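An overview of the molecular structure
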Amino acid sequence: MSSPSKTSFFSPRRVLIIASSTVTQLVRMKVFYFLAPIALLFVGLQFFDNIFYEGPETMVPEQQLRMHKNICLGTMMFFTSLFAIIFTALLIPSDIEDRTLYTILSKPVPRLDYLVGKLLGVISVLFIAMLVMDLLLVVTLHYRTAAISANLGHYLTEMGLPKTEIARGQAEVAKHGPTILLQYGVLAHFSKACVLAAVALLISTFSTSTLFTIASGFMIWIIGSFQSIARDGIFNAADFGEAPGLADRILGTLISLVFPDFQLFEAIADASARAQEILVDDMMKLGGLTLLYVGIYTVLSWFVFSDKEF
Amino acid sequence: MSLKTLRNLIVVACGIAGTGYLRMPVEQKLTEELRERKAIPPPISQEAWGQMGQTSLAGVLGGLRTVMASTMSLAAQKHFEEKEWYDLKKQYEMITTLDPYNKFYWDHGGWHLAYNAAAWARTNEDLSPIRRQFLEREFLEAGDAFYHKGLTMLPEDPSLWSEIGRLWSNPLKRPDLARAAAAYKMAAQYGNSFYKRSYLYILARIPGREIEALDIAAQMLIENRRHLSTPTFRCILFCLSTNPDLPENALKVKLGEVFVDKEQAYKDLYNYRPRVQDDGYYGGDLDKVLKSLIEELHVPDNLNPFKPGSKPRIYDNNWRRAVDSSKILPPKTFPNSPGQE
């Protein structure tokens, strides 16, 4: 007679199984359909040309690429953040509603595995969506850059500029094409979406309503975009002229302590759209912060979820 | 609320606040590093918050500052088409608040105000002449102020300084060469040879600053002799060095030290002469030198600026035709000319 095997505290295999079933669950919800209008938008931007960008006085070809990147990266950020909150908010209530949760938890599956699996499933779906959008961005931007570079070459040749000057102008345009810097921006937006998913997971362990989770997730998204202002008020009070009062300081400290700082993620993405230098070190720090946020929110979700009665 | 929920809430709050306490300095340090490198824009002012529309507010709240700036710049085109200049100015102020490190918006906003709005005011016959002048001046100054505001965000951007220089040296505006020179000086400080030459060219147009201009030209020549490959530079350098008021120790160049041969000297100086007459570039002994070259090279009347009739600009092809059909001598080279180095 074999002795009953003890369930391990955490099993990556179990997590992967739950994650893959979560991916299937979300795919069945037809979540990838949103990629169709996004593809149309990205391709449509290829043909979007403004007359006011033409003419010698305003000959700034990079701006067209910058606008292309801004709109595409902004769209990617908006949809991944939106879906990170909504998907995660839907998962636990959906599992309760169709009784899957009871089936899973009645088996020797630790609740941590369940939560991490669910989160990983959402992150995987976001990753696939981000990857598809990134591919679309890279392909459309590549063609746009090539077209703009050729136009610029033609324009500068007609102006009689030497080949070295033309090559310099085209190199400047190429900097705004699909480069590694652009991928840093995509990665920053993906990291932000992961943090939002972890936030939504934490809220959903408390909440009894999906709507509340979604609404709270949105509020945290918005406040997170301005958290740095509150933190600046504490660290750089002198820069604000008049020193903040006690109430402002308390409020600022609370906001800074509780809410994540999304401005950092957005700043990296904006800098990548401007083709501004981003250091690997910056990305490492951002990655570290993402892991910290996701880690702490997951641990706290587990704490709340561990003795939750259904 | 049950006791368990309350306990959970307290633990969660403490957990978040505890890690918040640890991550705050890290985030602040990274923010400051990125801000120093201008990757993070300055916070939006209270005034700008007040002026923001609902759509832009929603976009900004969602972390879409640059996307909002891009879409607002498209909307600004409508104000331009409708000639709503004050709305356009307000729109560009908002755009640059949202995306302050994008040079294009500063450049474009300044251009709309200083060129389009000012030209509209100048040519608007519905306005009285005094009002026209007043409005034109107002928009020129607004454009200049917009460029300067952009420079507070991008202080080392030579192209914005150059735009200010271009604005105040534009003969179709209200030229103020001293302001143009001040701007070009800054552009030259941060920029390349082109900006340095632009600064020199403006100085060469300001009466009383010819000696300063020659000093700059001499300094540029020490830094890089390739400036001599630019015809206008050659002409300005030569003409400035014929200034009778030059101090003893000033650079004085001979024709042969600047031009490859007499033919090139004539072509360049001939083409430079209209700039002296129309744009106020320094001429010095230009006419005297041209006359002596005309005599030496037997220049035909159609390419002689002192003979009546319209004078075309000299290009290689019309010069060649003139050489073939007249008695112009083969180019006379100067001893130790730049071309023989």
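The sections below set out a description of the structure shown in this document.

Once that is clear, we can look at the overall build of chain A. A count of helical and extended segments in chain A gives 11 helices and zero strands. Traced from its N-terminal end to its C-terminal end, chain A shows the element sequence α-α-α-α-α-α-α-α-α-α-α. Counting the 310 residues in chain A, one finds 46% classified as buried. Within chain A, residue pairs in contact and separated by at least 24 positions form 84% of the contacts whose partners lie at least 6 positions apart.

Here the focus is the interface of chain A and chain B. Opposite the 39 residues of chain A that make contact, chain B presents 34 residues. Sorting the residues of the side of chain A that touches chain B by element identifies helix 3 (61–97), helix 8 (210–235), helix 9 (246–258), helix 10 (263–273) and helix 11 (280–306) of chain A as the ones contributing at least two each. Its residues assigned to classes, the side of chain A that touches chain B comprises 22 nonpolar, 10 polar and seven charged.

As a further point, take the nonpolar core. By size, the foremost hydrophobic cluster in this structure holds 165 residues, and its most contacted members are A:Leu126, A:Ala197, A:Ala198 and B:Ile236. Top contributing element to this core by residue count: helix 7 (residues 180–206) of chain A, with 18 residues.

Next up on the list: the environment of B:Asp316. Residue and element names in this part refer to chain B. Here Asp-316 shows up in helix 16 (residues 316–325). With 8 C-beta atoms counted inside 10 Å, the residue Asp-316 sits in the exposed group. Separated by 49 residues in the primary sequence, Asp-316 and Lys-267 place their C-alpha atoms 9.0 Å from one another.

Residues and elements named next belong to chain B. Relative to the helices and strands, Leu-172 resides in the loop between helix 8 (158–168) and helix 9 (177–190). The exposed category is assigned to Leu-172, around which 9 C-beta atoms lie within 10 Å. Along the backbone, Leu-172 and Ser-73 are 99 residues apart, and their C-alpha atoms lie at a distance of 27 Å.

The next subject is the packing of helix 11 of chain A against helix 1 (residues 3–36) of chain B. One way to put it is that helix 11 of chain A packs onto helix 1 of chain B with a least axis distance of 10 Å and a crossing angle of 175°. The angle between the axes of helix 11 of chain A and helix 1 of chain B places the two elements in the roughly antiparallel class. Along its contact with helix 11 of chain A, which presents A:Lys285, A:Leu289, A:Leu292, A:Ile296, A:Leu300, A:Phe303 and A:Val304, the element helix 1 of chain B presents B:Asn8, B:Val11, B:Val12, B:Gly15, B:Ile16, B:Thr19, B:Arg23, B:Glu27 and B:Leu30. Considering only residue class, the contact of helix 11 of chain A with helix 1 of chain B consists of 10 nonpolar, three polar and three charged.

Here we come to the packing of helix 11 (residues 210–223) of chain B against helix 12 (residues 231–240) of chain B. Residue and element names in this part refer to chain B. Between helix 11 and helix 12, the least distance of the axes is 10 Å, while the angle of their chain directions is 125°. It follows that helix 11 is oblique to helix 12 by the angle criterion. For the element pair helix 11 and helix 12, the recorded crossing hand is left-handed. Between helix 11 and helix 12, the contacting residues are Glu-210, Ala-213, Leu-214 and Ala-217 on the first element and Ile-236, Leu-237 and Leu-240 on the second. Its residues placed into classes, the contact of helix 11 with helix 12 shows six nonpolar, no polar and one charged.

Here the focus is unusual backbone geometry. All names here are of chain A. Of note, Lys-30 is a non-glycine position whose phi angle comes to about 60°, a positive value. Among the secondary structure elements, Lys-30 is positioned in the loop between helix 1 (12–28) and helix 2 (35–45). Here Lys-30 falls in the exposed class, since 8 other C-beta atoms lie within 10 Å of it. Its identity is not glycine, yet Arg-99 carries a phi of approximately 65°, on the positive side. Examined against the element boundaries, Arg-99 turns out to sit in the loop between helix 3 and helix 4 (100–105). C-beta crowding within 10 Å serves as the criterion here: with 10 such atoms nearby, Arg-99 is assigned to the exposed category.

Rules of the game
Residues numbered from 1 in each chain as written. Chains lettered and ligands numbered in written order. Predicted model: local features only at pLDDT ≥ 70, side-chain atom pairs only at ≥ 80, totals over all residues. Helix = DSSP H or I, 4+ residues; strand = E, 2+ residues; numbered from the N terminus. Buried ≥ 20, exposed ≤ 12 C-beta atoms within 10 Å, placed from the backbone. Contact = placed C-beta atoms within 7 Å. Nonpolar A, V, L, I, M, F, W, Y, C, P; charged D, E, K, R; others polar. Core = buried A, V, L, I, M, F, W, Y, C linked by C-beta atoms within 7 Å. Axes fitted to C-alpha atoms, helices over the stretch in contact; angles between N-to-C directions. Parallel < 35°, antiparallel > 145°, perpendicular 65-115°, else oblique. Left-handed = near helix turned anticlockwise from the far one by under 90°.

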